[in-house]
Amino acid sequence: MIDEAFYSGTIDSKLAKYLKVEHPLVPILYTLPKIHRDLQRPPGRPIVSGRGSLFNKISFFLDRLFRKFAVSAPSYERDMSDFIKSLEAVQVVDSTWLVSFDVTSLYTSIKHARGLSAVGVTLAGSDMALVCARFALAQLEFILRRTFFLFSDGYYLQHLGTSMGSNVAPTYANIYMAVLEGDETIHTDLFVKITDRNNLLHFSSEHLRKMVESLPWSQLLRVRRIVSCEILIDERLEEMCQKFMLRGYPKADLVSFKKLALEKNGMTC
């Protein structure tokens, strides 16, 4: 992905060189005891140490890139002093209810599709160039879906949430919560089950040729209608094209159908 972004002119040679890790270390999972919960049998806070790993530099880069969006959220408070200063403007009367809430295990509970959609919506509303936003979102998805770690004697892949210990994790979680708190628009995306299998009709099927040949277009158009975030649409269409290629469909036809789908308005049949 990094080489492709460099050769397409999305990133320069300096950033491309920085993001690459020649000899990555394996991330390791360890826990920090939450002694404020229980002094005798404290639960553990899971931390994935990714220092020197394949994901480390990408995570640091994304944190620097996304941070301005997190801190500009209306509900963002930098620290206790910032929070106390905000309270000075609050008028409290007898009928006022002071309420607080906490999201349980926020970092490890954010579903990838929802988190990526939140970041995509945020970037789409910014002045960031579309090609750069797509690159950043692709890097974020790579971290979220490919993070693995060593624990005891086994290797594990994290399927849900983001790792505590990742540089971009706090910023990612803050953006997700900001969108959740302040966005009244419902955004839609494709949901794929873990058990999903590529059961698309094979190109060599004996079904009517007209039906076989029109299937990619109908499915790509379906993707275009469902996915509301413009930054995600190209990636989702490409994923569908890859599925069809694995079922023997000509690449040239799929590229053509994808281009037509991109030109369509998301709500148009």
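You'll find the protein chain entered in an unreviewed UniProt entry as Helix-turn-helix domain-containing protein, with Ranitomeya imitator given as the organism.

A. Highlighting the pattern of salt bridges. Counted by the stated rule, this structure contains ten salt bridges. For Arg-145, the salt bridge is made with Glu-141, and the minimal N-O distance between the two is 2.6 Å. One end of the pair, Arg-145, and the other, Glu-141, are both in helix 6 (residues 130-146), four residues apart, so they sit about a helical turn from each other. By relative accessible area, Arg-145 is classed as partly exposed at 31%. A salt bridge links Glu-239 to Arg-236, with the nearest nitrogen and oxygen atoms 3.4 Å apart. Of this pair, Glu-239 and Arg-236 both sit in helix 9 (residues 230-246), separated by three residues, roughly a single helical turn. Using a relative accessible area of 36% as the deciding quantity, one classes Glu-239 as partly exposed.

B. Representation of the packing of aromatic side chains within the structure. Under the criterion given, the structure shown has seven aromatic pairs. Here the aromatic rings of Phe-149 and Tyr-156 are separated by 5.9 Å at their centres, their planes lie at 25°, and the arrangement is stacked. Grouping aromatic residues by their ring pairs yields a cluster made of Phe-55, Phe-142 and Phe-148. Against the face of Phe-203 rests Arg-209, its NZ or CZ located 4.8 Å from the ring centre.

How each quantity is defined
Residues numbered from 1 in each chain as written. Predicted model: local features only at pLDDT ≥ 70, side-chain atom pairs only at ≥ 80, totals over all residues. Heavy atoms only, no water. Salt bridge = Lys/Arg side-chain N within 4 Å of Asp/Glu carboxyl O. Helix = DSSP H or I, 4+ residues; strand = E, 2+ residues; numbered from the N terminus. Buried < 20%, exposed > 50% of the residue type's maximum accessible area, 1.4 Å probe, protein only. Phe/Tyr/Trp six-rings, centres within 6.5 Å; stacked < 30°, edge-to-face > 60°. Lys NZ or Arg CZ within 6 Å of the ring centre and 35° of its normal.

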